[in-house]
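Residue-level structure breakdown
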Amino acid sequence: MADPEQPLTDSEPARPGERSRLRGSLSVWAVPVVAAVVLGVAGVVLVWLWRWVDTLALVEQKDKATAHLDTVKIAASVLVAGGGVFALYLTARRQRTQEEELQVRRDELAQRDHAQAHAERVAEQTRLHAERVAASAEKDATDRQITELFTKAVEQLGHEQAAVRLGGLYTLERLAQDHVEQRRPVVSVLCAYLRMPYLDPDEPSPTDVEQVTGAELITTAQRRARRQEREVRLTIQRLLRDHAHNTPKPGRPADATYWGSTNPAIDIDVDLTGATLINLDLTRRRLHPSTTFTTTTFAGSVRFGSATFTGSAEFNGATFAGSAGFDEATFTSGAAFDGVTFTGGAWFGGATFAGSAEFDRATFTGTARFNGVTFTGHTRFNRAIFTRSARFDETTFTRGAGFDEATFICGAGFDGVTFTGNAMFNKATFTGNAMFNRATFIRVAGFGQVTFAGEVQLAGATIIGELQFAGARTRSREGVWPRGWRVGAPGEDGASGGDPDQWFMLEKV
């Protein structure tokens, strides 16, 4: 701050506080000066008027005295007026000075507040920067720890001891449960493990050599190791069932154990293509939309009863070594079972196929049960092979149903079935009985070039659309045929593997 005793120059302008003090000092010195000036002016006025009165030709002494008195009054009025004007000036000057001082205080307070706000902003920025640095350091440390745990757990999966592999599995489960971003890679590792080759521990051992001839023999230690490996795989299947195959129902929040996400970028893919699954049990589970069982081998029994496939069900080329239970399962989208082999029984009773259902070239070595199934979309069993009994009783085919070139070696039951769309059995082969009692054909029913080696029953069938039997043949004249068709003259003999029995062609009446 400038020294108050130093004079202010043009090169150093006075600041607001200094100008106020300068004006105050000037006001103090101006009071006596202005008072003297006012007194002088009043005196001058008095003298001038007094003399002016003396120059008047006033005869009466009384009149002159009155004039002199008026002169004094005027001079006094001038004196009072000058003092009043100066007093007003001083008052205005004092008020202006106070206002300037108040403004100076306001400016100082504003500057102080600005400095305080700036200091607070700097402190806040410093704190946030420190927090970011700490968070970044913590994240780096956490990421390193997660990476180390993940790497170590994956390495444990390759250990020769089953207990170590199980420890690695539970480490991966804990990582995926605690860290959302780790769920996708963890599930990928689990699925990859199930896709690795698997050896059945129930293969013959050296003690079974008398009962088994030509089979690969395994030692007791090998059998034990394989059984432990089976336990590891069963654990992985359980983890997938508990965390991947429990998707939330519509309108309900996801369970805390569900690893899936609505964000496709971090959502999981349960890819079990070519995997070997043992006694898989997903009863009443909701399967993840991106689940794939293409070319999968299902060892032992498989249970999908009352399960819900939230996405497309991909089973193309899969092999079911034991029974496959899909009773009352719901397929919300397409279901692909092309080229599937069902070695044991295939149970689909009461299932619902909301989309297309494809069973082309599927092989049913065991019993096939599709009783009470609802096929909403297009359904195809073209070139499928049913080695044992195949039952479709009370089933509804809402759209087209294709059984072209299908083979039914044992009895085929379609009692009470409803074909709302076209029902195509062209070139199909019924080695056993073909039962269509109480069946309903709304549109075209195509049996062109079909071979009926057993009895055919169409009792009580309702045929609304067109019925086609052109080129169809039967081995027996017995059977209940729809109105307008009959068994005609014998056709070629030996048409079925050289069988000498006669074949009879169906013809319109």
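Residues numbered from 1 in each chain as written. Predicted model: local features only at pLDDT ≥ 70, side-chain atom pairs only at ≥ 80, totals over all residues. Heavy atoms only, no water.

Each helix and strand counted, the chain has five helices and 39 strands in total. Residues classed as buried in the chain amount to 36% of the 509 residues present. In the chain, 27% of the contacts between residues at least 6 apart in sequence involve partners at least 24 apart. For the chain, the exposed area adds up to about 27,400 Å²; of that, 55% sits on carbon and sulfur atoms. (Helix = DSSP H or I, 4+ residues; strand = E, 2+ residues; numbered from the N terminus. Buried < 20%, exposed > 50% of the residue type's maximum accessible area, 1.4 Å probe, protein only. Contact = heavy atoms within 4.5 Å. Areas by Shrake-Rupley, 256 points an atom, 1.4 Å probe, with all protein chains shown as cover.)

Before going further, it helps to examine the confidence of the model for the chain. When pLDDT is averaged along the chain, the result is 86; 87% of the residues meet or exceed 70. Low confidence marks residues 1-12, where pLDDT is under 50. Its contacts with residues over four positions away, or in another chain, come to eight contacts. Scored below 50 in pLDDT, residues 493-499 shows 11 contacts in the model against residues more than four places distant or in partner chains. (pLDDT = per-residue confidence, 0-100.)

Looking now at the pattern of salt bridges. The full count for this structure, using the stated rule, is 16 salt bridges. A salt bridge links Asp269 to Arg184, with the nearest nitrogen and oxygen atoms 3.3 Å apart. Of this pair, Asp269 sits in the loop between helix H5 (220-243) and strand S1 (270-271) while Arg184 sits in helix H4 (residues 183-194); the two residues are 85 residues apart in sequence, bridging distant segments of the chain. Taking relative accessible area as the criterion, Asp269 reaches 33% and is therefore assigned partly exposed. Look at the salt bridges and you will find they share partners, linking Glu124, Arg127 and Glu131 into a network. (Salt bridge = Lys/Arg side-chain N within 4 Å of Asp/Glu carboxyl O.)

What follows concerns the packing of helix H3 (residues 162-178) against H4. Where H3 contacts H4, the axes come no closer than 8 Å and their chain directions differ by 150°. In terms of orientation, H3 and H4 fall into the roughly antiparallel class. Crossing of H3 against H4: the hand is left-handed. Contact residues: H3 offers Arg165, Leu169, Leu172, Ala176 and Gln177, while H4 offers Arg183, Val186, Val189, Leu190 and Tyr193. Split by residue class, the contact of H3 with H4 holds seven nonpolar, one polar and two charged. (Axes fitted to C-alpha atoms, helices over the stretch in contact; angles between N-to-C directions. Parallel < 35°, antiparallel > 145°, perpendicular 65-115°, else oblique. Left-handed = near helix turned anticlockwise from the far one by under 90°. Nonpolar A, V, L, I, M, F, W, Y, C, P; charged D, E, K, R; others polar.)

The subject of this paragraph is the sheet that holds strand S14 (residues 346-347). Strand order in the open sheet made by the eight strands is S6-S10-S14-S18-S22-S26-S30-S34, with parallel pairing throughout. The strands lining the two open edges of the sheet, one partner per strand, are strand S6 (302-303) and strand S34 (456-457). Sheet topology note: the strand S10 (residues 324-325)/S14 ladder contains two bridges and is parallel. Paired with Gly325 across the bridge in S14 is Trp347. (Pairing = 2+ DSSP bridges.)

Bringing a nonpolar patch on the surface into the picture now. There is a patch of nonpolar side chains on the surface, built from Val33, Val37 and Val41 and spanning about 240 Å² of accessible area. With respect to the helices, strands and loops of the structure, Val33 is situated in helix H1 (residues 16-54). (Patch = residues over 30% accessible without salt bridge, like charges linked within 9 Å, V, L, I, M, F, W, Y side chains within 5 Å.)

Secondary-structure assignment places Arg238 in helix H5. As for Arg238 and Leu282, which are separated by 44 residues in sequence, their C-alpha atoms are 9.3 Å apart.

Grouped together as the largest cluster of nonpolar side chains are 96 residues, with contacts concentrated most on Phe304 and Phe315. Among the elements that line this core, the one with the most residues is H4, at seven residues. Beyond its immediate chain neighbours, meaning those up to four positions away, Phe304 contacts Leu280, Leu282, Leu287, Phe293, Phe298, Phe309, Phe315, Gly325, Phe326, Asp327 and Ala329. (Core = buried A, V, L, I, M, F, W, Y, C linked by side-chain atoms within 4.5 Å.)

With that out of the way, let us pick up helix H2 (residues 61-157). If you check H2, its first and last C-alpha atoms are 140 Å apart, about what 97 residues at 1.5 Å a residue would give, namely 144 Å. Considered for burial, the residues of H2 that qualify are Ala67, His68, Thr71, Ala75, Phe86, Leu90, Thr97, Val104, Ile146, Phe150, Ala153 and Leu157. (Expected span 1.5 Å × (residues − 1).)

Strand order in the open sheet formed by nine strands is S3-S7-S11-S15-S19-S23-S27-S31-S35, and the pairing between neighbours is parallel. The sheet terminates laterally at strand S3 (286-287) and strand S35 (462-463), the two strands that pair on one side only. As defined by bridge partners, strand S23 (residues 396-397) adjoins strand S27 (residues 418-419) across two bridges and the pair is classed as parallel. Residue pairing for S27: Thr396 is matched across the bridge by Thr418.

With that out of the way, let us pick up unusual backbone geometry. Even without being a glycine, Arg361 presents a positive backbone phi close to 60°. Note on placement: Arg361 falls in the loop between strand S16 (357-358) and strand S17 (363-364). Despite not being glycine, Glu405 has its phi angle at roughly 60°, a positive value.

Mapped onto the elements, Phe342 comes out in strand S13 (residues 341-342). Taking relative accessible area as the criterion, Phe342 reaches 0% and is therefore assigned buried. The spacing of Phe342 and Phe364 is 22 residues in sequence and 4.8 Å in space, taken between C-alpha atoms. The contacts of Phe342, once residues within four sequence positions are left out, are Phe320, Ala324, Phe337, Phe348, Thr363, Phe364, Thr365 and Gly366.

Here the focus is the side chain of Arg165. Mapped onto the fold, Arg165 is located in helix H3. Since its relative accessible area comes to 7%, Arg165 is described here as buried. Among the polar contacts made by the side chain of Arg165, one reaches the side chain of Glu229 at a distance of 3.2 Å. Excluding residues within four positions of it along the chain, Arg165 makes contact with Gln156, Leu157, His159, Glu160, Tyr193, Glu229 and Val232. (Polar contact = N/O pair within 3.5 Å; in protein donor to acceptor, adjacent residues only side chain to side chain.)

For H4, built from 12 residues, the straight-helix expectation of 16 Å at 1.5 Å per residue is met to within 8% by its first-to-last C-alpha distance of 17 Å. Structurally, H4 contributes buried residues whose contacts are with H2, H3, H5, S1 and strand S2 (276-278).

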